[in-house]
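A look at the structure
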Amino acid sequence: MPSSRRLEGLELLRVVGAPVPKWQTARSIHDVDRLRLPSVKFGWTIRTCREDGKRETALFYLNNAGREKVLTVLRQHLRKTNQSQFYIVYPSWRFQFSCNIVLTEQVYCIEGKYGSQKSLSAGKTRPDFALRIPFGMRSQMTCYVGNPSDQVLSWLGRILFWCRRIPKDSFYAEVALTDVPALMFYELFAL
(Lines give C-alpha, C1' and ligand atoms only; values in the text may rest on other atoms or scores of the structure.)
Protein backbone atom coordinates (compact mmCIF):
# COMPACT_ATOMS: atom_id res chain seq x y z
CA MET A 1 0.00 0.00 0.00
CA PRO A 2 1.49 3.40 -0.96
CA SER A 3 2.08 5.94 1.78
CA SER A 4 3.59 9.36 2.35
CA ARG A 5 7.24 9.45 1.31
CA ARG A 6 7.71 12.58 3.44
CA LEU A 7 6.46 10.88 6.60
CA GLU A 8 8.36 7.66 5.82
CA GLY A 9 11.54 9.71 5.50
CA LEU A 10 11.05 11.39 8.87
CA GLU A 11 10.28 8.04 10.49
CA LEU A 12 13.44 6.49 8.99
CA LEU A 13 15.53 9.41 10.24
CA ARG A 14 14.08 8.90 13.71
CA VAL A 15 14.81 5.15 13.57
CA VAL A 16 18.50 5.75 12.76
CA GLY A 17 18.67 8.22 15.64
CA ALA A 18 19.12 11.40 13.61
CA PRO A 19 17.83 14.60 15.20
CA VAL A 20 14.35 15.30 13.79
CA PRO A 21 11.53 17.64 14.82
CA LYS A 22 8.90 16.27 17.19
CA TRP A 23 6.02 16.09 14.76
CA GLN A 24 2.32 15.44 15.15
CA THR A 25 -0.06 14.40 12.39
CA ALA A 26 -3.47 15.78 11.45
CA ARG A 27 -5.43 13.51 9.11
CA SER A 28 -8.89 14.77 10.02
CA ILE A 29 -10.67 17.67 11.74
CA HIS A 30 -10.81 15.52 14.89
CA ASP A 31 -7.01 15.25 14.88
CA VAL A 32 -6.71 19.05 14.77
CA ASP A 33 -8.57 19.28 18.08
CA ARG A 34 -6.11 16.81 19.63
CA LEU A 35 -2.91 18.63 18.61
CA ARG A 36 -0.72 19.82 21.45
CA LEU A 37 0.56 23.23 20.39
CA PRO A 38 2.03 25.09 23.34
CA SER A 39 3.65 28.46 22.83
CA VAL A 40 7.05 27.99 21.16
CA LYS A 41 9.69 30.59 20.35
CA PHE A 42 9.41 30.54 16.53
CA GLY A 43 5.90 29.19 16.05
CA TRP A 44 4.89 26.06 14.21
CA THR A 45 5.48 24.52 10.78
CA ILE A 46 2.84 22.70 8.71
CA ARG A 47 3.95 20.33 5.94
CA THR A 48 1.62 18.51 3.56
CA CYS A 49 1.85 14.78 3.00
CA ARG A 50 0.05 12.65 0.43
CA GLU A 51 -1.23 9.17 1.18
CA ASP A 52 -0.01 8.00 -2.25
CA GLY A 53 3.45 9.58 -1.75
CA LYS A 54 3.36 11.32 -5.13
CA ARG A 55 4.65 14.87 -5.70
CA GLU A 56 5.15 15.77 -2.06
CA THR A 57 7.87 18.35 -2.68
CA ALA A 58 5.75 21.23 -4.02
CA LEU A 59 2.74 21.09 -1.73
CA PHE A 60 1.39 23.61 0.77
CA TYR A 61 3.52 24.45 3.79
CA LEU A 62 3.56 27.17 6.42
CA ASN A 63 6.40 28.20 8.74
CA ASN A 64 6.56 30.25 11.92
CA ALA A 65 2.80 30.26 12.50
CA GLY A 66 1.16 30.78 15.86
CA ARG A 67 -1.12 28.18 17.42
CA GLU A 68 -4.42 29.74 16.29
CA LYS A 69 -3.18 30.22 12.73
CA VAL A 70 -2.10 26.56 12.57
CA LEU A 71 -5.47 25.36 13.82
CA THR A 72 -7.39 27.60 11.41
CA VAL A 73 -5.29 26.63 8.39
CA LEU A 74 -5.49 22.90 9.16
CA ARG A 75 -9.26 23.03 9.57
CA GLN A 76 -9.61 24.87 6.24
CA HIS A 77 -7.38 22.42 4.40
CA LEU A 78 -8.91 19.32 5.95
CA ARG A 79 -12.43 20.46 4.99
CA LYS A 80 -11.45 20.24 1.33
CA THR A 81 -12.61 17.13 -0.45
CA ASN A 82 -9.08 15.83 -1.23
CA GLN A 83 -8.82 13.07 1.37
CA SER A 84 -5.48 11.87 0.01
CA GLN A 85 -3.64 14.66 1.87
CA PHE A 86 -2.78 15.01 5.53
CA TYR A 87 -0.47 17.28 7.50
CA ILE A 88 2.45 17.08 9.87
CA VAL A 89 3.06 19.85 12.39
CA TYR A 90 6.26 20.56 14.29
CA PRO A 91 7.99 23.51 15.98
CA SER A 92 9.71 26.01 13.67
CA TRP A 93 13.23 27.30 14.30
CA ARG A 94 15.63 30.03 13.24
CA PHE A 95 18.33 28.87 10.81
CA GLN A 96 22.04 29.53 11.20
CA PHE A 97 22.57 27.58 7.98
CA SER A 98 20.77 24.86 6.09
CA CYS A 99 21.59 22.54 3.26
CA ASN A 100 20.26 20.05 0.77
CA ILE A 101 22.15 16.78 0.59
CA VAL A 102 21.95 14.33 -2.29
CA LEU A 103 23.66 10.94 -2.11
CA THR A 104 24.08 9.27 -5.51
CA GLU A 105 26.74 6.87 -6.76
CA GLN A 106 28.43 7.01 -3.34
CA VAL A 107 29.03 10.76 -3.51
CA TYR A 108 27.39 13.39 -1.30
CA CYS A 109 26.54 16.66 -3.02
CA ILE A 110 25.81 19.31 -0.43
CA GLU A 111 24.42 22.72 -1.35
CA GLY A 112 23.67 25.19 1.38
CA LYS A 113 22.66 28.69 2.38
CA TYR A 114 23.37 30.77 5.45
CA GLY A 115 19.92 31.00 6.95
CA SER A 116 17.08 29.11 5.28
CA GLN A 117 17.67 27.16 2.07
CA LYS A 118 14.01 27.54 1.03
CA SER A 119 14.90 29.66 -2.02
CA LEU A 120 17.64 27.20 -2.95
CA SER A 121 15.27 24.21 -2.82
CA ALA A 122 12.81 26.14 -4.97
CA GLY A 123 15.55 26.81 -7.55
CA LYS A 124 15.32 30.58 -7.08
CA THR A 125 18.84 31.24 -5.78
CA ARG A 126 22.33 29.84 -6.01
CA PRO A 127 23.92 28.16 -3.00
CA ASP A 128 26.27 30.10 -0.71
CA PHE A 129 28.41 26.96 -0.62
CA ALA A 130 28.43 23.66 -2.46
CA LEU A 131 30.55 20.60 -1.73
CA ARG A 132 31.16 17.21 -3.24
CA ILE A 133 32.24 14.53 -0.78
CA PRO A 134 32.87 10.90 -1.78
CA PHE A 135 31.42 8.32 0.63
CA GLY A 136 34.77 6.60 1.36
CA MET A 137 36.68 6.83 4.63
CA ARG A 138 39.64 8.66 3.06
CA SER A 139 37.57 10.83 0.80
CA GLN A 140 38.63 14.30 -0.25
CA MET A 141 36.07 17.09 -0.14
CA THR A 142 35.78 19.31 -3.21
CA CYS A 143 34.26 22.75 -2.86
CA TYR A 144 32.75 23.94 -6.14
CA VAL A 145 30.76 27.02 -5.05
CA GLY A 146 31.82 29.54 -2.42
CA ASN A 147 33.83 28.69 0.66
CA PRO A 148 31.92 27.17 3.57
CA SER A 149 32.45 28.99 6.84
CA ASP A 150 34.35 27.43 9.72
CA GLN A 151 30.96 26.90 11.38
CA VAL A 152 29.67 24.87 8.42
CA LEU A 153 32.86 22.83 8.27
CA SER A 154 32.75 22.13 12.00
CA TRP A 155 29.18 20.75 11.75
CA LEU A 156 29.71 18.90 8.49
CA GLY A 157 31.21 15.84 10.20
CA ARG A 158 28.12 15.48 12.40
CA ILE A 159 25.82 15.88 9.40
CA LEU A 160 27.70 13.18 7.48
CA PHE A 161 27.72 10.91 10.53
CA TRP A 162 23.92 10.82 10.43
CA CYS A 163 23.78 10.63 6.63
CA ARG A 164 25.99 7.53 6.67
CA ARG A 165 23.50 5.81 8.99
CA ILE A 166 20.65 6.17 6.48
CA PRO A 167 20.24 2.71 4.90
CA LYS A 168 19.64 3.96 1.35
CA ASP A 169 21.96 3.92 -1.68
CA SER A 170 20.61 7.26 -2.85
CA PHE A 171 18.54 9.94 -1.15
CA TYR A 172 17.71 13.63 -0.87
CA ALA A 173 17.76 15.19 2.61
CA GLU A 174 17.40 18.64 4.14
CA VAL A 175 19.18 19.58 7.35
CA ALA A 176 19.55 22.77 9.33
CA LEU A 177 21.71 24.10 12.09
CA THR A 178 19.26 25.91 14.33
CA ASP A 179 20.02 28.86 16.58
CA VAL A 180 20.19 26.57 19.66
CA PRO A 181 22.66 25.43 18.03
CA ALA A 182 21.45 21.97 17.12
CA LEU A 183 21.19 19.94 13.94
CA MET A 184 17.72 19.18 12.64
CA PHE A 185 17.02 16.78 9.77
CA TYR A 186 13.56 17.64 8.50
CA GLU A 187 13.27 16.04 5.07
CA LEU A 188 14.35 12.72 3.55
CA PHE A 189 13.27 11.17 0.27
CA ALA A 190 14.73 7.97 -1.13
CA LEU A 191 15.69 8.42 -4.78
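Below is a summary of the structure that appears in this document. What you see is a predicted model, and the numbers here were worked out from it, not measured in a lab.

**Points about the overall build of the protein**
Secondary structure assignment for the protein yields five helices and ten strands. The C-alpha radius of gyration of the protein comes to 17 Å, within 12% of the 16 Å expected for a compact globule of 191 residues. A total of 191 residues make up the protein; the buried ones form 47% of that total. Counting contacts in the protein only where the partners sit at least 6 residues apart, residues at least 24 apart contribute 58% of the total. As displayed, the protein offers around 10,300 Å² of accessible surface, 51% of which is attributable to carbon and sulfur atoms. On the protein, the mean spot of the 28 positive side-chain charges and the mean spot of the 16 negative ones are 3 Å from each other.

**Let's talk about the nonpolar core**
Among the nonpolar cores identified, the biggest contains 39 residues, and Ile101, Tyr108, Ile110, Ile159, Phe171 and Phe185 are the most heavily contacted of them. Sort the elements by how many residues they give to this core and helix H5 (residues 150–165) lands first, with seven residues. Those residues in contact with phenylalanine 185, other than ones at most four positions away along the chain, are Leu10, Leu13, Ala18, Pro19, Val20, Pro21, Ile159, Trp162, Cys163, Glu174 and Val175. Among the nonpolar cores identified, the runner-up in size contains 15 residues, and Leu35, Ala65, Val73 and Tyr87 belong to it.

**Here we look at the sheet that holds strand E9 (residues 171–178)**
Spatially, six strands are ordered E8-E7-E6-E5-E9-E10 in an open sheet, and the strand pairing comes out antiparallel. Edge strands, defined here as strands with exactly one partner in the open sheet, are strand E8 (142–145) and strand E10 (183–190). Strand-to-strand twist in this sheet, taken as the mean axis angle between neighbours without regard to direction, amounts to 20°. Here six bridges tie strand E6 (residues 107–114) to strand E7 (residues 129–134), and the two strands are oriented antiparallel to one another. Looking at E7, one finds that glycine 112 is bridged to phenylalanine 129.

**A few points about the sheet that holds strand E3 (residues 61–65)**
Reading across the sheet, the four strands line up as E1-E4-E2-E3 and stay open at both edges, with antiparallel pairing between neighbours. For this open sheet the edge positions go to strand E1 (24–26) and E3, each flanked by a neighbour on one side alone. Neighbour-to-neighbour, the strand axes of the sheet open up by a mean angle of 25°, direction not taken into account. Relative to strand E4 (residues 85–91), strand E2 (residues 44–50) is paired through seven bridges, and the arrangement is antiparallel. When the sheet's bridge partners are listed, isoleucine 46 is paired in E4 with valine 89. Running over the sheet, helix H3 (residues 67–79) touches E1, E2, E3 and E4 and is turned about 170° from E4.

**Examining the pattern of salt bridges**
Once the charged atoms of two side chains with opposite charge are near each other, the side chains can pair. With the rule as written, the count across this model stands at nine salt bridges. Across the pair glutamate 187 and arginine 6 runs a salt bridge whose closest N-O atoms are separated by 2.9 Å. Here the residue glutamate 187 occupies a position in strand E10, and arginine 6 occupies one in helix H1 (residues 5–15), the gap between them amounting to 181 residues. Of the charged contacts, one joins lysine 41 and aspartate 179 as a salt bridge, the two residues approaching to 3.9 Å between their closest N and O atoms. Here the residue lysine 41 occupies a position in the loop between helix H2 (29–34) and E2, and aspartate 179 occupies one in the loop between E9 and E10, the gap between them amounting to 138 residues.

About the cut-offs
Residues numbered from 1 in each chain as written. Predicted model: local features only at pLDDT ≥ 70, side-chain atom pairs only at ≥ 80, totals over all residues. Heavy atoms only, no water. Helix = DSSP H or I, 4+ residues; strand = E, 2+ residues; numbered from the N terminus. Rg over C-alpha atoms; globule rule 2.2 N^0.38 Å. Buried < 20%, exposed > 50% of the residue type's maximum accessible area, 1.4 Å probe, protein only. Contact = heavy atoms within 4.5 Å. Areas by Shrake-Rupley, 256 points an atom, 1.4 Å probe, with all protein chains shown as cover. Lys, Arg positive; Asp, Glu negative; His and termini not counted. Charge placed at Lys NZ, Arg CZ, Asp CG, Glu CD. Core = buried A, V, L, I, M, F, W, Y, C linked by side-chain atoms within 4.5 Å. Pairing = 2+ DSSP bridges. Axes fitted to C-alpha atoms, helices over the stretch in contact; angles between N-to-C directions. Salt bridge = Lys/Arg side-chain N within 4 Å of Asp/Glu carboxyl O.

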